[in-house]
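A closer look at the structure
Residues per chain, in single letters:
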Amino acid sequence: MSSRTPSRHALPTRIQRRNGLFQQWQALLTNRTKRTRTGEMVIQGVRPITQAIAHGVEIRALLSDGRERPSQWARELLQAPPAPVVQLAPELMAELGERVDGTPELLALAAVPSDDLAALSPSPSALLVAFDRPTGPGNIGSLARTVDALGGEGLVITGHSADPWDPAAIRASTGSIFAVPVLRRPSHQDVMDWVAGRRALGEPWTVLGLDEAGGFELAEVDLTGPVLLVVGNETAGMSTQWREACDVVAEIPMGGSASSLNASVAGSIALYEARRQRGRARA
């Protein structure tokens, strides 16, 4: 996990050619070890940058291509920037932006959020998701987007997994990865200890796992109380440890020739079912 140490860069106001600092930022795009060691990431895209700022992510530098006529969005950010502004040559911005349709106006260098479970502040009927050992950053981002859209209050990534702060995960989330707590924990036990602590406070948490042969249909399970939804690895499903920790394991009925659903799709269906039940309970 990242040490979250502040950036030690003495930021210049302009970078016109490839230098050591630029190469460090470029490494953040592909090198997870670099992101972990520095506690920094590069955020690409209008909505992800906007969401990160709106939800209090620590912005350490705003990178600009210095164009003469920026969009209204970029102009407003540059008028009251959340961090020091560094102007990069357009070709350098294009490399960091990883776009095929031109140079981005702005990019953000930001601190990776904390992985402390204390960041979770569940409501009385909270819906949290644990994603067990996901291998695809795009699946993490897609699931984070659905968690945000359907009223989830957090996403915990457990075990050896892809990095939620990989640019592919951030892009797939369209910025929602900054709107809800997204945490990384080394094992399921950390999360179950947290659940035990909530149960000790009298909260009736249900740990619900998804499996293609769960024995119960998802719609038959009461999802109106506080729920921790466990979504397994894209290929292997839930680990044995997670399966044993579940109070109930449910399946999503399927037809056709498909043997299973994409992990983020299965999680999205379960989130929708929880939202449907909760809406009906309030009616």
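Residues numbered from 1 in each chain as written. Predicted model: local features only at pLDDT ≥ 70, side-chain atom pairs only at ≥ 80, totals over all residues. Heavy atoms only, no water.

**Let's talk about the pairing of strand S12 (residues 248-251)**
Examined bridge by bridge, strand S9 (residues 206-210) and S12 share three bridges and lie parallel to one another. When the bridges of S12 are listed, Leu208 appears paired with Val248. Alignment of strand S10 (residues 216-217) against S12, held across two bridges, turns out to be parallel. Counterpart to Phe216 in the pairing with S12 is Ala250. (Pairing = 2+ DSSP bridges. Helix = DSSP H or I, 4+ residues; strand = E, 2+ residues; numbered from the N terminus.)

**A closer look at the nonpolar core**
Formed by 49 residues in total, the largest nonpolar core has its most connected members in Met41, Ile43, Leu155, Phe178 and Leu208. Sort the elements by how many residues they give to this core and helix H10 (residues 263-282) lands first, with five residues. With residues near it in sequence (within four places) discarded, Leu208 still touches Leu218, Val221, Leu223, Val227, Leu228, Leu229, Val230, Cys246, Val248 and Ala250. (Core = buried A, V, L, I, M, F, W, Y, C linked by side-chain atoms within 4.5 Å. Buried < 20%, exposed > 50% of the residue type's maximum accessible area, 1.4 Å probe, protein only. Contact = heavy atoms within 4.5 Å.)

**A closer look at the pattern of salt bridges**
Overall, the coordinates contain 16 salt bridges when judged by the stated rule. The salt bridge involving Glu98 is made with Arg171; its shortest N-O contact spans 3.4 Å. With a gap of 73 residues between them, Glu98 in the loop between helix H5 (90-97) and strand S5 (106-111) and Arg171 in helix H7 (residues 167-173) connect regions that are remote in the sequence. For Glu98, a relative accessible area of 40% gives the class partly exposed. For Arg171, a relative accessible area of 42% gives the class partly exposed. For Arg99, the salt bridge identified is with Asp101, shortest N-O distance 2.9 Å. (Salt bridge = Lys/Arg side-chain N within 4 Å of Asp/Glu carboxyl O.)

**Let's talk about the sheet that holds strand S7 (residues 155-158)**
With respect to topology, seven strands assemble into an open sheet ordered S8-S7-S6-S11-S9-S12-S10, the strand pairing being parallel. Strands with a single pairing partner mark the edges of an open sheet, and in this sheet they are strand S8 (182-185) and S10. Of the pairings in the sheet, the one linking S7 to S8 comprises four bridges and is parallel in character. In the strand pairing of S8, Ile157 is matched with Arg184. Packed onto the sheet, helix H6 (residues 137-149) meets strand S6 (127-132), S7 and strand S11 (227-231) and runs at close to 175 degrees relative to S6. Each of S6, S7, S8, S9 and S11 is contacted by helix H8 (residues 188-200), which is oriented at about 145 degrees to S9, the strand it contacts most. (Axes fitted to C-alpha atoms, helices over the stretch in contact; angles between N-to-C directions.)

**A look at the confidence of the model for the protein**
Averaged over every residue, the pLDDT of the protein is 93; residues scoring 70 or more account for 94%. Scored below 50 in pLDDT, residues 1-8 shows 22 contacts in the model against residues more than four places distant or in partner chains. (pLDDT = per-residue confidence, 0-100.)

**Comments concerning the sheet that holds strand S4 (residues 85-88)**
In space, the five strands of this open sheet follow the order S1-S4-S3-S5-S2, with mixed pairing throughout. Among the strands making up the open sheet, the edge pair consists of strand S1 (14-15) and strand S2 (40-43). When S2 meets S5, the two strands line up antiparallel, connected through four bridges. Bridge pairing in S5 places Met41 opposite Ala110. Its contacts with the sheet place helix H4 (residues 72-79) against strand S3 (59-64), S4 and S5, and it is angled at close to 50 degrees to S5.

**Here we look at helix H3 (residues 46-54)**
Buried within H3 are the following residues: Pro48, Ile49, Gln51 and Ala52. In an axial view of H3, the angular spread of the buried residues amounts to 165 degrees, which keeps them on one side of the axis. Buried residues in H3 make contact with S2, S3, H4, S5, H6 and H7. (Arc of directions from axis to C-beta.)

**So, the UniProt feature "domain: SpoU L30e-like N-terminal" (unreviewed entry) in the protein**
The feature "domain: SpoU L30e-like N-terminal" (unreviewed entry), as given by UniProt, occupies residues 19-108 in the numbering adopted here. Regarding residues 19-108, the helix share stands at 48% and the strand share at 19%, and the terminal C-alpha atoms are separated by 18 Å. (UniProt positions renumbered as here; feature names shortened; annotations may be inferred.)

**Let's talk about the environment of Arg17**
With respect to the element layout, Arg17 can be found in the loop between S1 and helix H1 (20-30). Take Arg17: its relative accessible area is 61%, and that puts it in the exposed class. Residues Arg17 and Leu88 lie 71 residues apart in sequence; the distance between their C-alpha atoms is 8.1 Å.

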